[in-house]
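Commentary on secondary and tertiary structure
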Amino acid sequence: MTDEGHSSPVWVRKKRRSGAGLSGIIGLIITLLAIFGALTIALGVKEQSLAEGGAVLDSWITKGVDGAKGLVGQAPEAADAVADEAGNLAGKTGDALEAGAEKTADELSNP
């Protein structure tokens, strides 16, 4: 009855550990490759040729990569615009605080 976890309760059995997270990465890669292969086959059936199905898939990938490159290229410009706007708002806030401080100082000095 003391076989290596076969007849003992679940909470007594030793836990088996996976290979330090490497199996998760390998599983993800295999899953992505399986999805890519299934999509290629499905498009090959739809287009009646694996070459034409692969061409459709290539065009989708190219559009995605070009879109990502466009977004990455715009990121520094957008960051600069946001930084400039934040600087302008900080300046306006400083001016408003200064005006408020002057008004408060005038009210305190002239009772």
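Described below are features of the structure shown in this document. (Residues numbered from 1 in each chain as written. Predicted model: local features only at pLDDT ≥ 70, side-chain atom pairs only at ≥ 80, totals over all residues. Heavy atoms only, no water.)

Thoughts on the overall build of the chain
Looking only at helices and strands, one finds 2 helices and 0 strands in the chain. Counting every position in the chain, which comprises 111 residues, the buried fraction comes to 7%. (Helix = DSSP H or I, 4+ residues; strand = E, 2+ residues; numbered from the N terminus. Buried < 20%, exposed > 50% of the residue type's maximum accessible area, 1.4 Å probe, protein only.)

Here's the deal with unusual backbone geometry
Non-glycine residue Gln48 carries a positive phi angle of around 65°. For Gln48, the position within the fold is in the loop between helix H1 (22-47) and helix H2 (50-109). The class of Gln48 is exposed, set by a relative accessible area of 75%.

Some words on H2
Between its first and last C-alpha, H2 extends 86 Å over 60 residues, near the 88 Å set by a 1.5 Å rise per residue. Here H2 has its buried residues at Gly53, Gly54 and Leu57. On its buried side, H2 packs onto H1. (Expected span 1.5 Å × (residues − 1). Contact = heavy atoms within 4.5 Å.)

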